[in-house]
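Results of the structural survey
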Amino acid sequence: MIISRVTSDEFGRLYTSANNHIYNTVSFNELNAGRCRQVYYLSAGKVGWILGERDGLLLSPFSAPFGGPVYGPERPGEADIEEAVKALVGYGRERGLGVRVTLPPALYYPEPAPLVEAAMARYGRLLYTDTNHHIDIRAYDDPLKVMHRSARHNYKLSLPLDYRFIRLDGHNPDDIARAYEVIRINRAWRGYPLRMTLEQVVRTAPVVDGHFGVLSLEGKDLAAVQMHRVTPGVMQVVYWGNVPDERREVRPMARLVPEVMAWCRDIGVSIVDAGPSSENGVLNVGLAEFKESHGGIPTQKQVYELS
C-alpha cells in the first residue's frame with residue numbers, strides 16, 4: 001500500500017467522518033501544532049494518521065490523551081487496517097523515525113479495536129497498558145444504584161447541604177477561568193501536574209466543545225469539572241477536583257460526580273469517559289477506586305511502539 005503525506009486541508013476532506021474522535025481532527029491538531037517539530041498528515045487508503053514529530057519519534061497523539069487510526073466515511077476492514085499499520089511502519093523507517101501510537105480505549109470504537117490491536121502487535125510491541133474508566137449514563141437514572149457503599153455514604157452526607165452546581169458558559173473566558181482556578185488549587189494541593197495553562201484551555205474549549213461547571217457552597221466554589229465532547233455520544237472528563245476544606249461533612253466530590261452525570265444526560269451524552277487512572281502503566285489505586293465507587297467501568301488504553 002502507498003502511504004503519502006498530504007496537506008491538512010486534503011486530509012480533512014478525506015477523513016472527515018463521525019467515526020473519528022475530536023483528538024483525531026485537523027482542527028485540534030492544528031491548534032496544538034506548536035507542541036511538536038512538525039505535523040504529518042498521512043493518507044493510507046481508508047485509514048489515515050495524524051502524527052507529530054518530536055525527539056526522533058512520530059507520535060500519535062503528540063498533544064492529547066490518545067490518537068490512533070483516522071477513518072474515512074467508509075469503515076475499513078481487517079486488510080485495510082493491516083496494510084495501513086504496515087505502511088506507517090515503513091514510512092517511519094524510511095525517515096529514520098520511530099513511531100509511537102496510543103490507541104483510544106475500546107469504548108470509543110469497539111468493533112475495530114481488536115483488529116487495530118492485532119495489527120499493532122504484529123508490526124511493533126506493546127510498551128504498556130493504561131487503565132481507563134468510563135461511566136454508562138444510560139444506567140445512571142439513580143446515582144445510588146451504581147454507587148458503591150462508600151460513595152453512597154458520602155453522597156448521603158452531602159445531601160443536607162445547600163450545594164449549587166453551576167453549569168458555566170464554555171465560550172466565556174471568565175467562566176472558564178472560574179472553573180480552572182478550582183482545578184489549579186486542587187492540582188497543587190494533591191501534587192498532580194496541570195498540563196494545560198488557562199490560555200490553552202480557553203483556546204481549546206471551542207474546538208472540543210468544552211463544558212465547565214463548579215460546585216458552590218455558601219458562595220465558595222469547592223469543586224469543578226472540565227470536559228471535552230470527544231464524540232457526539234461521549235464526554236470526557238479532562239479535569240475534576242475539589243479544594244481543601246476542613247469540614248468533614250461537605251464531601252464535594254461525592255456531590256459533584258452525580259451532578260456531572262445528570263448534566264451529561266441532559267445534553268444527550270450516553271457515556272462519560274472519566275479518563276486514565278494510571279500513568280505509563282502504573283495504576284493509581286486510589287483514583288481507580290474512586291471512579292469505580294461511582295460506577296466507573298475499567299477498560300484498557302494501549303501504547304505501541306512500531307518498528
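Residues numbered from 1 in each chain as written. Predicted model: local features only at pLDDT ≥ 70, side-chain atom pairs only at ≥ 80, totals over all residues. Heavy atoms only, no water.

**With respect to the overall build of the protein**
The criterion, for reference: Numbering goes from the N terminus for both helices and strands, where a helix is a DSSP run of H or I of at least four residues and a strand is a run of E of at least two. When we talk radius of gyration, it's over C-alpha atoms, and the globule rule is simply 2.2 Å times the number of residues to the 0.38. Contact between two residues is taken to exist if any of their heavy atoms lie within 4.5 Å; hydrogens are not considered. For the purpose of charge, His is not counted, nor are the chain termini; Lys and Arg are scored as positive and Asp and Glu as negative. Working definition for charges: the position is that of NZ of Lys, CZ of Arg, CG of Asp or CD of Glu.
Scanning the protein for helices and strands turns up 10 helices and 15 strands. Relative to its length of 307 residues, the protein is compact, with a C-alpha radius of gyration of 20 Å against a globular reference of 19 Å. Each principal axis of the C-alpha distribution contributes one length, and for the protein these read about 65 × 35 × 35 Å. Long-range pairs, those at least 24 residues apart, make up 74% of the contacts in the protein with a sequence separation of at least 6. In the protein, 35 positive and 36 negative side-chain charges are present, and the distance between their average locations comes to 3 Å.

**Some details on helix α7 (residues 173-190)**
Note the threshold: Expected span of a helix, by definition, is 1.5 Å for each gap between consecutive residues, and there is one gap fewer than residues. Under the scheme applied here, a residue whose accessible area is under 20% of the maximum for its type counts as buried, over 50% as exposed, and between as partly exposed, the area being computed with a 1.4 Å probe on protein chains only. Nitrogen and oxygen atoms within 3.5 Å of one another constitute a polar contact, given that in protein one can donate a hydrogen and the other can accept it, and given that sequence-neighbouring residues count only through two side-chain atoms.
If you check α7, its first and last C-alpha atoms are 25 Å apart, about what 18 residues at 1.5 Å a residue would give, namely 26 Å. All of the buried residues in α7 are Asp 175, Ile 176, Ala 179, Tyr 180, Val 182, Ile 183, Asn 186 and Arg 187. For α7, the secondary structure elements touched by its buried residues are α8 (198-208), β9 (211-217), β10 (220-231) and β11 (234-242). Between the side-chain oxygen at the start of α7 and the backbone nitrogen of Asp 174 there is a gap of 2.8 Å, and the oxygen is on Asn 172. One or two residues past the end of α7 sits Gly 191, with phi positive at roughly 80 degrees.

**Notes on unusual backbone geometry**
Following Ser 60, the chain continues to Pro 61 via a peptide bond in cis, the omega torsion being 5 degrees. Within the element layout of this structure, Pro 61 appears in the loop between β4 (57-60) and β5 (70-71). Phi is positive for Arg 251, which is not a glycine, with a value near 45 degrees. When you line up the elements, Arg 251 lands in the loop between β11 and α9 (252-266).

**Observations regarding the pairing of β10**
In the case of a regular strand, side chains alternate between the two sheet surfaces. The following threshold applies: Being paired, for any two strands, means DSSP has found at least two bridges between them.
For β10, a buried count of 11 out of 12 residues is recorded, marking the element as mostly surrounded by other parts of the structure. In this structure, β9 lies alongside β10, joined through seven bridges in antiparallel fashion. Paired with His 211 across the two strands is Met 227, which belongs to β10. If you look at the hairpin formed by β9 and β10, you'll find two residues sitting between the two strands, and Glu 218 has a positive phi there, around 55 degrees.

**What to know about the nonpolar core**
Counted only if it meets this: Think of a nonpolar core as a cluster: buried Ala, Val, Leu, Ile, Met, Phe, Trp, Tyr and Cys residues, connected wherever their side-chain atoms sit within 4.5 Å.
Among the nonpolar cores identified, the biggest contains 43 residues, and Val 225, Met 227, Trp 240, Leu 256, Val 260 and Met 261 are the most heavily contacted of them. Residue contributions to this core peak at seven residues, all from α9. Residues Leu 42, Val 85, Val 89 and Leu 103 belong to the second largest nonpolar core, which totals 36 residues.

**Quick look at the pairing of strand β3 (residues 47-54)**
Most of β3 sits inside the fold, with seven of its eight residues counted as buried. Across seven bridges, the pairing between strand β2 (residues 38-44) and β3 is antiparallel. Following the sheet pairing, Tyr 41 is matched in β3 by Ile 50. The hairpin formed by β2 and β3 contains two residues between the paired strands, and Gly 45 there has a positive phi angle of roughly 70 degrees. Pairing of β3 with β5, which is carried by two bridges, proceeds in the antiparallel orientation. Paired with Val 47 across the bridge in β5 is Tyr 71. What sits between β3 and β4 in their antiparallel hairpin is a turn of two residues, with Asp 55 showing a positive phi close to 55 degrees.

**Examining the packing of aromatic side chains**
Think of a pair of aromatic rings as described by two things: how far the centres are apart, and how the planes are tilted against each other in angle. We count it as follows: Ring geometry is summarised as follows: Phe, Tyr and Trp rings, the Trp one being its six-membered ring, pair when their centres sit within 6.5 Å, and such pairs are stacked at plane angles under 30 degrees, edge-to-face over 60 and tilted between the two. A ring is scored as having a charge over it whenever the NZ atom of a lysine or the CZ atom of an arginine sits within 6 Å of its centre and within 35 degrees of its normal.
Per the stated rule, a full pass over the model turns up 10 aromatic pairs. Ring centres 5.0 Å apart and planes at 50 degrees place the aromatic pair Phe 66 and Tyr 108 in the tilted group. Linking Phe 66 in the loop between β4 and β5 with Tyr 108 in the loop between β6 (98-102) and α4 (113-123), this pair joins segments that are 42 residues apart in sequence. Taking 6.5 Å as the distance between ring centres and 55 degrees as the angle between the ring planes, the aromatic pair formed by Tyr 108 and Tyr 109 counts as tilted. Neither residue differs from the other here; Tyr 108 and Tyr 109 are each classed as buried. One aromatic cluster is present, formed by Tyr 23, Phe 28, Phe 66, Tyr 71, Tyr 108 and Tyr 109 through successive ring pairs. Looking at Arg 95, its charged tip hangs above the ring of Tyr 91, at a distance of 3.5 Å from the centre.

**Notes on the pattern of salt bridges**
Think of it this way: side chains of opposite charge can pair up when their charged atoms draw near. Note the cut-off: The term salt bridge refers to a pairing of a side-chain nitrogen on Lys or Arg with a carboxyl oxygen on Asp or Glu at a separation within 4 Å.
Inspection of the entire model under this criterion finds 13 salt bridges. The salt bridge involving Arg 100 is made with Glu 305; its shortest N-O contact spans 3.0 Å. A residue pair is termed long-range when its members are at least 10 positions apart, and Arg 100 in strand β6 and Glu 305 in strand β15 (residues 297-306) qualify at 205 residues. Given the relative accessible area of 30%, Arg 100 is considered partly exposed. The salt bridge involving Asp 266 is made with Arg 167; its shortest N-O contact spans 3.0 Å. Placement of the pair is Asp 266 in helix α9 and Arg 167 in strand β8 (residues 163-167), with a sequence separation of 99 residues.

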